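# Per-entry structural report
Listed here are the chains, written in short residue letters.
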Amino acid sequence: MNPPPDAGPHAAEAWDDLLRAEFARAAHDVTPGPAPVAEVVREGRARRRRRTVALSFLAVLGVSAAVAAGAALTGDPPPAAGLAAPPALVTPTTAPTTTTPAATVPTTTAPAANVPAPPVSSTPSAPRTHDGGAQVPAPVRTVAAGERVAAAPGWTVWLTDRGKHWKGGVDGLEQFRSVTDGNLDLRRPGLSHQGEGTFHSGVYFGTRDAGRVELVDTRGRTTPATLLTLPASPGWGVWYAVAPDETPVGARLYDRTGRLLSELPAV
């Protein structure tokens with residue numbers, strides 16, 4: 001219903017008030033029903049389940065795509081769609097060993113601190129040999145002037161600043177070989193040789209780079225000698241060795257690189 005067209009403004013406002021009053025009375029006559037809470041909850045849960053399924057499906061698709069890309073880079077075949085990649089097997093970089101750690105292995109060897117040091121006058125070890133028989137130069141032993149060295153059973157050797165001294169043999173007499181009497185040319189490498197039975201000794205001289213001295217008998221057999229020198233390496237020293245028998249022998253002097261410096265023929 002509308003007010004008459006020729007009605008003034010006051011009539012239109014009165015008409016609006018009348019309509020509002022009628023609508024309000026009609027609204028008060030209506031009794032609203034209960035809110036559909038249960039239906040709203042069920043619909044919300046259904047929508048949440050559908051969203052969870054959709055997100056899970058997208059996550060599986062993402063994992064499958066990542067695994068397929070990794071397999072394409074590494075050359076491994078991709079797993080079936082929707083399945084997670086199997087865990088990688090880690091292979092040890094070194095083969096397992098059954099060796100017990102050294103710290104826990106019992107040993108019957110006495111501690112090094114309890115092993116007495118060898119006496120100063122003990123016989124130095126002879127040069128070692130390779131598996132093929134080649135001589136390995138042993139370090140030249142430095143001894144004090146006048147220090148007696150047990151060179152072999154019944155034989156003693158010592159050095160002074162004047163030369164080589166030795167004692168032993170059948171008569172046990174002390175003998176001397178001078179390095180200051182001018183009979184040895186200390187300016188060039190050489191060696192002297194004195195022998196009695198199977199015991200041989202001499203002086204090597206003319207080099208500060210002596211590596212080894214060896215005996216060579218007429219049958220081609222070699223015997224390594226032990227080398228002695230005084231402190232400050234005066235450029236000469238003493239050598240000695242025990243041959244396996246009384247076959248005639250010569251002597252050879254080598255430097256530390258194995259180069260032959262001097263040789264005396266077998267006598």
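Above this text is the structure in question.
The present account deals with the structure reproduced in this document. Since we're looking at a predicted model, the values are computed, not measured. (Residues numbered from 1 in each chain as written. Predicted model: local features only at pLDDT ≥ 70, side-chain atom pairs only at ≥ 80, totals over all residues. Heavy atoms only, no water.)

Attention now moves to the packing of aromatic side chains. Centre-to-centre distance and the angle between the planes together describe a pair of aromatic rings. Evaluation of the coordinates by the stated rule reveals 2 aromatic pairs. Their ring planes at 15 degrees and their centres at 4.4 Å tell us that Trp155 and Phe199 sit as a pair that is stacked. Taken together, the residues span a long stretch of sequence, with Trp155 in strand E5 (residues 155-160) and Phe199 in strand E10 (residues 199-205) at a distance of 44 residues. When its relative accessible area of 10% is taken as the criterion, Trp155 is described as buried. Members of the aromatic cluster, each reached through a chain of ring pairs, are Trp155, Phe199 and Tyr240. Sitting over the face of the ring of Trp166, Lys164 holds its NZ or CZ atom 3.7 Å from the ring centroid. Residue placement shows Arg212 over the ring face of Tyr254; its charged tip is 4.0 Å from the ring centre. (Phe/Tyr/Trp six-rings, centres within 6.5 Å; stacked < 30°, edge-to-face > 60°. Helix = DSSP H or I, 4+ residues; strand = E, 2+ residues; numbered from the N terminus. Buried < 20%, exposed > 50% of the residue type's maximum accessible area, 1.4 Å probe, protein only. Lys NZ or Arg CZ within 6 Å of the ring centre and 35° of its normal.)

This brings us to unusual backbone geometry. In this structure, Ala232 takes a positive phi of about 70 degrees despite not being glycine. Mapped onto the secondary structure, Ala232 falls in the loop between strand E13 (226-229) and strand E14 (236-242). According to the relative accessible area criterion, Ala232 is exposed, its value standing at 78%.

Summed over the entire model, instances satisfying the criterion amount to 13 salt bridges. Two residues, Arg221 and Asp217, come together in a salt bridge whose shortest N-O distance is 2.7 Å. Residue classification places Arg221 among the partly exposed residues on the basis of a relative accessible area of 28%. What you see here is one network of salt bridges that share partners, running through Asp217, Arg219, Arg221 and Asp245. (Salt bridge = Lys/Arg side-chain N within 4 Å of Asp/Glu carboxyl O.)

Quick look at the sheet that holds strand E6 (residues 163-168) now. Strand order in the open sheet formed by 4 strands is E4-E5-E6-E7, and the pairing between neighbours is antiparallel. Each edge of the open sheet is held by one strand with a lone partner, namely strand E4 (149-152) and strand E7 (174-178). Put simply, the sheet's adjacent strands are angled 30 degrees from each other on average, direction ignored. (Pairing = 2+ DSSP bridges. Axes fitted to C-alpha atoms, helices over the stretch in contact; angles between N-to-C directions.)

Okay, the nonpolar core next. Looking at soluble globular proteins, one finds that nonpolar side chains tend to be buried together. By size, the foremost hydrophobic cluster in this structure holds 18 residues, and its most contacted members are Val157, Leu159, Phe199, Val203, Leu228, Trp236 and Tyr240. Val140, Val213, Trp239 and Ala243 belong to the second largest nonpolar core, which has 14 residues in total. (Core = buried A, V, L, I, M, F, W, Y, C linked by side-chain atoms within 4.5 Å.)

Here we have 4 strands laid out as an open sheet, ordered E12-E11-E15-E16, and antiparallel in their pairing. Because the sheet does not close on itself, it has two edges, and the strands there are strand E12 (222-224) and strand E16 (260-264). Along the sheet, successive strands turn relative to each other by an average axial angle of 25 degrees, direction set aside. Here strand E15 (residues 249-255) runs beside E16; their pairing, made up of 4 bridges, is antiparallel. Bridge pairing in E16 links Arg252 to Glu263.

Attention now moves to the pairing of E5. Here E5 lies mainly inside the structure; 5 of its 6 residues are buried. Bridge count for E5 against E6 is 6 bridges, and the pairing is antiparallel. Bridged to Trp155 within E6 is Gly168. The turn linking E5 back onto E6 is made up of 2 residues.

Right, let's talk about the environment of Ala150 for a bit. Turning to its location among the elements, Ala150 is positioned in strand E4. Judged by its relative accessible area of 37%, Ala150 is partly exposed. Sequence separation of Ala150 and Trp166 is 16 residues, and the distance between their C-alpha atoms is 10.0 Å.

This brings us to a nonpolar patch on the surface. Residues Leu55, Leu58 and Leu61 make up a contiguous nonpolar surface patch of about 300 Å² in total accessible area. Considering the arrangement of structural elements, one finds Leu58 in helix H2 (residues 37-74). (Patch = residues over 30% accessible without salt bridge, like charges linked within 9 Å, V, L, I, M, F, W, Y side chains within 5 Å. Areas by Shrake-Rupley, 256 points an atom, 1.4 Å probe, with all protein chains shown as cover.)

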